[in-house]
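Coordinates in review
As a plain string of letters, each chain reads:
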Amino acid sequence: MATLEIKDLHVSVNAEDAQKEILKGVDLTIKAGETHAIMGPNGSGKSTLSYAIAGHPKYEITSGSVTLDGEDVLEMSVDERARAGLFLAMQYPVEVPGVSMSNFLRTAATAVRGEAPALRHWVKEVKGAMADLDIDPAFAERSVNEGFSGGEKKRHEILQLALLKPKIAILDETDSGLDVDALRVVSEGVNRYKESGDVGVMLITHYTRILRHITPDFVHVFAGGRIVESGGKELADQLEAEGYVKYTGKQEAASLS
Amino acid sequence: MATDTQQHGLTAHSHGAGVPVASRAAHFTSYDVEAFEVPGGREEIWRFTPMKRLADLHKGAAATGSATVEVSAAEGVTVETVAKSDERIGKAGVPGDRIAAQAYASFVDATVVTLPKDARVEPTTVTITGPGEGKVAYGHLQVHAQQFAEGVVVIDHRGSGAYADNIEFVVADGAHLTVVAIHDWADDAVHVTHHHAKLGRDATFRHTVVTLGGDVVRVTPVVTYAGRGGDAELVGLYFADAGQHFEHRPFIDHAVPNCRSNVVYKGALQGEGAHTVWIGDVLIRAAAEGTETFELNRNLVLTDGARADSVPNLEIETGEIEGAGHASATGRFDDEQLFYLQARGIPEDQARRLVVRGFFQELIAKISVPEVRERLEAAIEAELEAVGA
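What counts and what doesn't
- Residues numbered from 1 in each chain as written.
- Chains lettered and ligands numbered in written order.
- Predicted model: local features only at pLDDT ≥ 70, side-chain atom pairs only at ≥ 80, totals over all residues.
- Heavy atoms only, no water.
- Helix = DSSP H or I, 4+ residues; strand = E, 2+ residues; numbered from the N terminus.
- Rg over C-alpha atoms; globule rule 2.2 N^0.38 Å.
- Buried < 20%, exposed > 50% of the residue type's maximum accessible area, 1.4 Å probe, protein only.
- Areas by Shrake-Rupley, 256 points an atom, 1.4 Å probe, with all protein chains shown as cover.
- Lys, Arg positive; Asp, Glu negative; His and termini not counted.
- Charge placed at Lys NZ, Arg CZ, Asp CG, Glu CD.
- Pairing = 2+ DSSP bridges.
- Axes fitted to C-alpha atoms, helices over the stretch in contact; angles between N-to-C directions.
- Contact = heavy atoms within 4.5 Å.
- Buried area = accessible area lost by both parts, 1.4 Å probe.
- Salt bridge = Lys/Arg side-chain N within 4 Å of Asp/Glu carboxyl O.
- Polar contact = N/O pair within 3.5 Å; in protein donor to acceptor, adjacent residues only side chain to side chain.

Let's talk about the overall build of chain B
Regarding its fold elements, chain B presents four helices and 21 strands. In terms of overall size, chain B behaves like a compact globule, its C-alpha atoms giving a radius of gyration of 20 Å where 389 residues would be expected to give roughly 21 Å. Dimensions of chain B along its principal axes, counting C-alpha atoms only, are 65 × 50 × 45 Å. Across the 389 residues of chain B, 58% fall into the buried class. When the accessible surface of chain B is totalled, it reaches about 14,800 Å², and 47% of it is carbon and sulfur. Of the charged side chains in chain B, 33 are positive and 55 negative, and the gap between their average positions amounts to 1 Å.

In structure tokens:
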């Protein structure tokens, strides 16, 4: 039973000479089997939370703790975190010219699994996972994310999720920029991952529409660098109706009507 | 006229701000050493070069040794050793700086490699071994692809010492010549070389320069066209380590209508004092209507203390062209790429190697000789191992 435990997390970024605090005491525990939706207005620090957990060098943890099954995540390098079972589906996946998707996937799977997957099984596994996400097999020979559309990049993030099978997956605005079909395909991919094992999901989103495809067990409202309200699925319905104005004082819809 | 300028990466190149650069058309050439002044290092064409490390090649250093030239010729290819008086020598181009003129004046024997008319031949390898540590040598090589000949010539430089030479590529009408020049010198070596390519009507020239080893390596490839339909592609890969100076100065002289050129050089640098220079000149003269040209240089700076200079120059004297453009960028290692790969569990050193290999991949893929391709991949791998990157 995997548990990701975030306690009183404070995170700053180095902007110019001054440090700017973005996360101001985040407390959140995600257990295997649970899906937590983190919802909040733009600039509330949702993405910072995901990048800080993954270990992006731009963000500095000033206090608090993050543990995965009791292990100190903050002491680990970025790749150690991934091998420990954390996965971040990024909002803006990075292009890596000259590195083929197939080479990248195999290198990543080898690192995460601790041994190179047997070639015959691997080819079948990748083909199957690509087919599940309606990804043209030709993408395997293209450079990682290079020239991919927004939707193609997101499908490939979920492809990596399917192949790397982390204990806890953090999905950072995976729904942004997706059309209706892509949103369905990507959501089905996340649901398949959830059903495949005892895993936990942190789903970061601005809008409620992805929650029609992926049912959260918990919904947290994120504003001003911390969680300001937690509840069940009904909280999302309330945000849908009322937006974030209650939390920010500004009119910002949770779904643009 | 379609001119476009693109910028990629972090640091854009300068457009010669403030310094009026003389037209490339006015560039002086001569077979006579004394026609050139001894350069002091402030001249436009020398200002990036560490003159003190040139073993006096620019000051008339006498030959104290000789380079060994060995040719492993494919069937049908002829190899001759000829004197300077041979009428074929010097046909592809005239020395464009004092060291090239010195090399021309000082060489004793020239090697001429001929790919026969109408034939497609297997790859030929020319191995040039330097004169040895502390010695100076001059040389001359000509590769002649006769009409409709088709083939690959690999020129492999290795060994020690100071060496200056001119290499001529005579690509006759309709011929397809592919050249891969590898500079894999020992750490002490100094090599200053001029490549002169003359392309006949509808000739195709594929020229790849690989520079991996040596203290100072300065390569000046010059392409001229003798007839319409000439097509030149110049590719370069270099990897400079601490203290190494690698300089590449391709010049494409479009003086004939309806010719094409494409120049792509990519380099990586690591270590204190690693220095690379890329000066890419393209001149489209008034007569060269219908020209199509593009040049690109990208540099990947892997560590502090390394420096890449990159200056593309495009001069256009006619509006009636197909297209012309240039781009240049020098960037630090992309931490976002590294983060992305590491976030998928790939350890940092392996992630770095993936990114650097990826950076060179498009150029390595263009090399048609599998042995050369494999050697290059292995060499890049070894470079990366060396710093534990």
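Structure shown, so let's carry the discussion forward.
Some details on the pairing of strand 7 (residues 136-145) of chain B
Residues and elements named next belong to chain B. Counted residue by residue, strand 7 has ten buried out of ten residues, so it is predominantly covered. Both faces of strand 7 are covered, namely the face carrying Val136, Tyr138, His140, Gln142 and His144 and the face carrying Ala137, Gly139, Leu141, Val143 and Ala145. Note: strand 5 (residues 109-115) against strand 7, six bridges, orientation parallel. Directly across from Val113, in strand 7, lies its bridge partner Val143. Where strand 7 lies against strand 9 (residues 162-171), ten bridges are found, and the strand directions are parallel. Following the sheet pairing, Gln142 is matched in strand 9 by Glu168.

Some details on the pairing of strand 19 (residues 292-301) of chain B
All names here are of chain B. Counting buried residues along strand 19, seven of its ten residues qualify, which places the element largely inside the surrounding structure. Strand direction decides the pairing type here: strand 17 (residues 260-269) and strand 19, joined by ten bridges, are parallel. Counterpart to Arg260 in the pairing with strand 19 is Glu292. With ten bridges connecting them, strand 19 and strand 21 (residues 323-332) associate as parallel partners. Residue pairing in the sheet places Phe294 in a bridge with Gly325 of strand 21.

Quick notes on the sheet that holds strand 3 (residues 35-39) of chain A
Residues and elements named next belong to chain A. Taken in spatial order, the six strands make up an open sheet running 6-9-10-3-11-12, and their pairing is mixed. Looking along the sheet, the strands with just one partner apiece sit at the ends: strand 6 (86-89) and strand 12 (226-231). Across the sheet, the axes of successive neighbouring strands diverge by a mean angle of 20 degrees, strand direction being ignored. Across five bridges, strand 3 lies against strand 10 (residues 200-205) in parallel orientation. Note on strand 10: the bridge partner recorded for Ile38 is Ile204. Here helix 5 (residues 150-164) sits on the sheet and contacts strand 6 and strand 9 (168-172); the angle it forms with strand 6, its principal contact strand, is near 165 degrees. The strands that helix 7 (residues 233-242) touches are strand 3, strand 11 (218-223) and strand 12; relative to strand 11, the one it contacts most, it runs at about 45 degrees.

Brief notes about the interface of chain A and chain B
Chain A puts 31 residues into the contact, and the matching count from chain B is 18 residues. Buried surface at the junction of chain A and chain B, both sides included, amounts to about 1,900 Å², of which 68% is carbon and sulfur. One can count one salt bridge joining chain A with chain B. With a shortest N-O distance of 2.6 Å, Glu157 of chain A and Arg344 of chain B are connected by a salt bridge. At the junction of chain A and chain B, the tally comes to ten residue pairs in polar contact (both at pLDDT 80 or more).

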